[in-house]
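Take a look at the letters that make up each chain.
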Protein chains: 2
Amino acid sequence: MKALEEKILKDGTVLPGNILKVGSFLNHQLDVDFLMEMGREIASLFKDDNVTKILTVETSGIAVAMAAAVAMHVPVVFAKKHKSSNISGNLYTTIVHSYTHNIDYNIVVDSEFLKSSDRILIVDDFLANGKALLGLIDIVNQAGAELVGCSCAIEKGFQKGGDMLREKGIKVESLAIVESMDETSLTFRR
Amino acid sequence: MKALEEKILKDGTVLPGNILKVGSFLNHQLDVDFLMEMGREIASLFKDDNVTKILTVETSGIAVAMAAAVAMHVPVVFAKKHKSSNISGNLYTTIVHSYTHNIDYNIVVDSEFLKSSDRILIVDDFLANGKALLGLIDIVNQAGAELVGCSCAIEKGFQKGGDMLREKGIKVESLAIVESMDETSLTFRR
């Protein structure tokens with residue numbers, strides 16, 4: 001998605017530790033009109049897949065998932081990062097390792113909201129090593145639902161999570177794939 | 001908002017400890033079409049206030065804030081609940097007490113995203129004792145921005161946070177105000 005690549009080049013900042021900071025539009029401040037454009041793009045990439053529900057994980061996946069869901073007229077379910085006192089009943093849960101924060105955390109979805117009849121599109125803001133997506137895929141499998149594919153706003157192509165998932169036969173559509181980046185330059189995979 | 005009251009009566013569940021569980025449409029699964037309707041309602045309540053930015057706090061405020069922002073064509077900024085390694089630079093920060101989880105936590109906003117020229121509408125999913133909104137108002141004040149008002153999806157009228165804010169002269173518009181609730185009945189303020 002050309003407009004996203006341009007926005008990353010214009011507004012993104014690369015920090016040490018392979019961090020691409022896009023807080024001005026994607027995960028601290030939200031450029032809502034632009035997010036809705038990204039959502040329409042995701043909807044068009046999965047328009048023939050009969051998606052019934054979008055699954056994401058809090059926090060920063062919610063905005064892009066919601067934008068795609070508005071375009072597709074399906075609900076979003078967001079996995080929570082720990083057992084909250086407001087979640088009760090039967091849960092799907094799995095452990096995800098965060099390299100950004102260097103911790104393991106539980107993600108949890110109330111089993112009420114994912115059914116074996118669902119066709120699930122997983123959406124997130126970033127795809128790097130793929131650990132968050134693998135956790136969400138595990139939850140889709142626990143529910144016995146069909147995984148339609150995964151779509152992320154920004155994939156760090158050099159961290160191989162996206163290619164690892166594609167090699168498993170999963171449809172992975174990222175709106176921009178960063179091929180390389182450092183504090184002075186950033187290139188995209190075409 | 002009549003449609004929200006009906007949805008709360010139909011899909012909400014009251015749990016012990018004054019918890020109103022609305023995970024099926026507002027804060028675990030998101031009924032996106034309905035959220036967009038709520039967003040248009042918020043936009044109409046603040047249409048003459050020249051809002052330039054919506055401020056909320058992660059996690060469950062994000063969806064309703066985004067829905068309002070889509071209708072108003074303004075950006076959202078969401079406060080983060082702790083200092084993350086992806087936030088750098090100058091920060092506005094304050095401490096909020098959560099009665100749900102019985103902890104104090106820091107909320108943090110990068111000062112880059114709130115300016116003294118901004119006219120801020122604060123949006124959240126729930127308004128109970130008002131502690132989260134007071135924290136966000138503190139951040140608006142730190143930025144020297146103008147507070148236009150606060151809008152929440154569901155106000156627990158019996159917990160007095162909304163009335164406390166109204167007594168300070170703040171415009172507070174909740175889409176549904178629960179006057180009383182227990183495990184067998186729920187009434188709204190009219």
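Residues numbered from 1 in each chain as written. Chains lettered and ligands numbered in written order. Predicted model: local features only at pLDDT ≥ 70, side-chain atom pairs only at ≥ 80, totals over all residues. Heavy atoms only, no water.

Asker: Looking at this model, I keep getting lost on the overall build of chain A. Mind explaining?
Answerer: Helix and strand counts for chain A stand at six helices and eleven strands. In summary, chain A has a C-alpha radius of gyration of 16 Å against a globular reference of 16 Å for 190 residues, a match within 12%. With respect to the principal axes defined by its C-alpha atoms, chain A has extents near 50 × 35 × 35 Å. A burial count over chain A gives 57% of its 190 residues as buried. A total of about 7800 Å² of accessible surface is found on chain A, and carbon and sulfur atoms cover 46% of it. Here chain A carries 20 positive and 25 negative side-chain charges, and the mean point of each set is 1 Å from the other. (Helix = DSSP H or I, 4+ residues; strand = E, 2+ residues; numbered from the N terminus. Rg over C-alpha atoms; globule rule 2.2 N^0.38 Å. Buried < 20%, exposed > 50% of the residue type's maximum accessible area, 1.4 Å probe, protein only. Areas by Shrake-Rupley, 256 points an atom, 1.4 Å probe, with all protein chains shown as cover. Lys, Arg positive; Asp, Glu negative; His and termini not counted. Charge placed at Lys NZ, Arg CZ, Asp CG, Glu CD.)

Asker: Which parts of the structure should I look at to understand the nonpolar core?
Answerer: Across soluble globular proteins, nonpolar side chains show a tendency to be buried alongside one another. Counting 87 residues, the largest nonpolar core has Ile54 of chain A together with Ile54 of chain B as its most contacted members. The residues contacting Ile54 of chain A, other than those within four sequence positions of it, are Ala65, Ala68, Ala69, Met72, Val74, Pro75, Val76, Val77, Leu121 and Val123 of chain A. (Core = buried A, V, L, I, M, F, W, Y, C linked by side-chain atoms within 4.5 Å. Contact = heavy atoms within 4.5 Å.)

Asker: Explanation requested: the interface of chain A and chain B in the structure shown.
Answerer: Many structure descriptions define interface size as the accessible area lost when the parts assemble. Contact residues are listed per partner, giving 41 residues for chain A and 41 residues for chain B. For the pair chain A and chain B, the summed buried area comes to about 3500 Å², and 62% of that belongs to carbon and sulfur atoms. Taken together, chain A and chain B are joined by two salt bridges. As a salt-bridge pair, Asp110 of chain B and Lys21 of chain A come within 3.8 Å of each other at their nearest N and O atoms. Run the count over chain A and chain B and you get 14 residue pairs in polar contact (both at pLDDT 80 or more). Those elements that place two or more of their residues in the side of chain A that touches chain B are β2 (19-21), α2 (23-27), β3 (29-30), α3 (32-45), α4 (61-72), β5 (76-79) and β7 (103-110) of chain A. Here the side of chain A that touches chain B takes six residues from α4 of chain A, the largest share from any one element. The residue makeup of the side of chain A that touches chain B, split by class, is 21 nonpolar, 13 polar and seven charged. (Buried area = accessible area lost by both parts, 1.4 Å probe. Salt bridge = Lys/Arg side-chain N within 4 Å of Asp/Glu carboxyl O. Polar contact = N/O pair within 3.5 Å; in protein donor to acceptor, adjacent residues only side chain to side chain. Nonpolar A, V, L, I, M, F, W, Y, C, P; charged D, E, K, R; others polar.)

Asker: Would you mind showing me how to read the relation of the copies chain A and chain B here?
Answerer: Taken together, a rotation about one axis and a shift along it account for how the two chain copies relate. Once chain A has been moved 0.0 Å along the axis and rotated by 180 degrees, it coincides with chain B to within an RMSD of 0.0 Å. Classification of the inter-copy transformation places it as that of a two-fold axis. Among all C-alpha atoms of chain A, that of Thr59 of chain A lies closest to the rotation axis, at 2.9 Å. Comparing interface residues between copies, 100% of those in chain A also sit at the interface in chain B, which points to an isologous, same-surface contact. (Least-squares fit on C-alpha atoms with pLDDT ≥ 70 in both.)

Honestly, that's just the spatial picture; any functional story needs more than this.
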